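This is what each chain is made of:
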Amino acid sequence: MSRALIVIDVQNDFCPGGALAVAGGDEIVPGINALMAEFDAVILTQDWHPAGHSSFASSHPGKEPFGTVEMPYGTQVLWPDHCVQGTAGSAFHALLDTDRADLIVRKGYNPAIDSYSAFFENDHSTPTGLEGYLRTRGLTDLTMVGLATDFCVNFSAVDAAKLGFTVTVQNQLCWAIDLDGSLAAAQEGMLTAGVTLV
Ligand code: VGL
Ligand code: ZN
């Protein structure tokens, strides 16, 4: 059994002062850095949208952030512009120990499809390639931490469990956006999928 730590979207735009800030987002960085040494592999994900991305409310005239829109792949929450490729907001938090990463997975680069999960875009079928990387390295046991618990951590954990990986989410090293009960729904969904929450 080989174990990977998957650090989800610890980027400036999800930290206090960022475009889609999650309260406390920066508080988890020291704990995440400390955890890295316990794993066979460390993988970081980076939300990485082109300007004008279809998940941005600003791309849909008359729509406000945190509303929704129907996309060909289902209902999409609309976000403030965030994690635009190459901007300061898309950079990792300055204190995150990125030197420890074996792999950085970027996601959300397809202008027409959002990607919360580190494994599949929001159509639930277009792969990012992370599954192949983990399987070819024999990494079967995944621990996930980062931002945000109810969106990117949740979708990544559920997809990983469905793919047959053993998945643990360390709640104390995550923070949620919590839109209309989305955190409670995410926790129930993760448990149903067989994810261990600690
Ligand atoms: C995320 C909303 C939009 C996340 C990314 O990292 O949880 N949430 N893009
Ligand atoms: Zn995003």
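Structure: see above.
Residues numbered from 1 in each chain as written. Chains lettered and ligands numbered in written order. Predicted model: local features only at pLDDT ≥ 70, side-chain atom pairs only at ≥ 80, totals over all residues. Heavy atoms only, no water.

Student: Please provide a residue-by-residue account of the site of ligand 1, values included.
Tutor: Close contacts around ligand 1 come from Asp9, Phe14, Leu20, Asp47, Trp79, His82, Tyr116, Leu147, Ala148, Phe151, Cys152 and Ile177, and that covers them all. Within the contact set of ligand 1, an oxygen atom lies 2.6 Å away from a side-chain nitrogen or oxygen of Asp9. Between ligand 1 and the protein, one listed contact pairs a nitrogen atom with a side-chain N or O atom of Asp47 at 3.1 Å. When the free accessible area of ligand 1 is taken as 250 Å², the share hidden by the protein chains comes to 100%. Of the residues belonging to the shell around ligand 1, the class tally is nine nonpolar, one polar and two charged. (Near = heavy atom within 4 Å. Polar contact = N/O pair within 3.5 Å; in protein donor to acceptor, adjacent residues only side chain to side chain. Areas by Shrake-Rupley, 256 points an atom, 1.4 Å probe, with all protein chains shown as cover. Nonpolar A, V, L, I, M, F, W, Y, C, P; charged D, E, K, R; others polar.)

Student: Describe the coordination of the zinc ion (ligand 2), and please don't skip the residues or the numbers.
Tutor: Within the first shell, the zinc ion (ligand 2) binds the protein through Asp47 (OD), His49 (NE2) and His82 (NE2), at distances of 2.0 to 2.2 Å. Every donor counted, the four donor atoms about the zinc ion (ligand 2) form angles of 89 to 169 degrees at the centre, which fits irregular coordination. In primary-sequence terms, the residues that donate to the zinc ion (ligand 2) follow D-x1-H-x32-H. Of the two residues, His49 is situated in the loop between strand S2 (41-47) and strand S3 (68-71) and His82 in the loop between strand S4 (74-77) and strand S5 (103-107); the sequence distance between them amounts to 33 residues. Judged by relative accessible area, His49 falls into the buried class, the value being 0%. (Donors = N, O, S within 2.8 Å, 3.2 Å for Na, K, Ca; no water. Tetrahedral: all angles 85-135°; square planar, octahedral: opposite > 155°, others 65-115°. Helix = DSSP H or I, 4+ residues; strand = E, 2+ residues; numbered from the N terminus. Buried < 20%, exposed > 50% of the residue type's maximum accessible area, 1.4 Å probe, protein only.)

Student: For the environment of Arg3, give the residues involved together with the corresponding values.
Tutor: Inspection of the secondary structure assignment puts Arg3 in strand S1 (residues 2-8). Separated by 26 residues in sequence, Arg3 and Val29 place their C-alpha atoms 20 Å apart. In this structure, Arg3 is in contact with Glu38, Phe39, Asp40, Ala41, Leu139, Asp141 and Thr143, ignoring residues within four places of it in sequence. At a separation of 3.1 Å, a polar atom in the side chain of Arg3 contacts the main-chain carbonyl oxygen of Glu38. (Contact = heavy atoms within 4.5 Å.)

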